[in-house]
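# Coordinates in review
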Amino acid sequence: EEALHRLSQYLDSALLSNHPMVTIIHGKGTGALRDGVKVALKKHPQVERFEYSAANAGGDGSTVVYFK
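Notes on the structure in this doc start here. (Residues numbered from 1 in each chain as written. Predicted model: local features only at pLDDT ≥ 70, side-chain atom pairs only at ≥ 80, totals over all residues. Heavy atoms only, no water.)

## Looking at the sheet that holds strand β3 (residues 62-67)
Paired through backbone hydrogen bonds, the strands of a sheet run either parallel or antiparallel to each other. Condition: Note on pairing: two strands pair once DSSP finds at least 2 bridges between them. Each helix is a run of DSSP H or I of at least 4 residues and each strand a run of E of at least 2, with the numbering of both proceeding from the N terminus. Only the stretch in contact is used when fitting a helix axis, every axis being a line fitted to C-alpha atoms; angles between N-to-C directions are given from 0 to 180 degrees. Any two residues having at least one pair of non-hydrogen atoms within 4.5 Å are treated as being in contact.
Spatial strand order, β1-β3-β2: three strands in an open sheet with antiparallel pairing. Each of the sheet's edge strands pairs with one partner strand only, and the pair in question is β1 (21-25) and β2 (47-52). Across the sheet, the mean angle from the axis of one strand to that of its neighbour is 20°, orientation sign disregarded. Pairing geometry for β1 and β3, over five bridges, is antiparallel. Residue pairing in the sheet places T23 in a bridge with V64 of β3. On the sheet, helix α2 (residues 32-43) packs against β1, β2 and β3 and is oriented at approximately 160° with respect to β2.

This is the structure we're talking about:
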């Protein structure tokens, strides 16, 4: 819950700073946080698309988010 609130604040800050994309590091672990991030990104109106980072940049332990 707290992590998803911080994610929302981070995305808002990135958008206000006119970043075209950001990387979210959520780790691998059990996958619960990664899944929560995916759900939140699907609902966010300013997210155009997102994908896992390249294998040499974290793989499925981080997600690259592209804004509209």
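## Re the packing of aromatic side chains
Condition: A pair of aromatic rings is counted whenever rings of Phe, Tyr or Trp (Trp by its six-membered ring) have centres within 6.5 Å, and the orientation is called stacked for planes under 30 degrees apart, edge-to-face for over 60 and tilted otherwise. Whether a charge sits over a ring depends on NZ of Lys or CZ of Arg being within 6 Å of the ring centre and within 35 degrees of the ring normal.
Here the structure, examined in full by the defined rule, presents zero aromatic pairs. The positively charged end of R49 is found above the aromatic ring belonging to Y66, 3.9 Å away from the centroid.

## Let's talk about the pattern of salt bridges
Pairs can form between side chains of opposite charge once their charged atoms are near each other. What counts here: In what follows, salt bridge is the name for a side-chain nitrogen of Lys or Arg lying within 4 Å of a carboxyl oxygen of Asp or Glu. The rule is simple: take the accessible area with a 1.4 Å probe, protein chains only, and divide by the maximum for that residue type; under 20% is buried, over 50% is exposed, in between is partly exposed.
All told, the structure shown has three salt bridges when counted by the stated rule. Here K28 and D60 are joined by a salt bridge, their closest N and O atoms 3.6 Å apart. Here K28, found in the loop between β1 and α2, pairs with D60, found in the loop between β2 and β3; they are 32 residues apart in sequence, far enough to count as distant. Judged by its relative accessible area of 31%, D60 falls in the partly exposed class. A salt bridge links D60 to R34, with the nearest nitrogen and oxygen atoms 3.5 Å apart. Placement of D60 in the loop between β2 and β3 and of R34 in helix α2 is noted, with a sequence separation of 26 residues between them. Look at the salt bridges and you will find they share partners, linking K28, R34 and D60 into a network.

Function-wise, these values are silent; they only describe arrangement.
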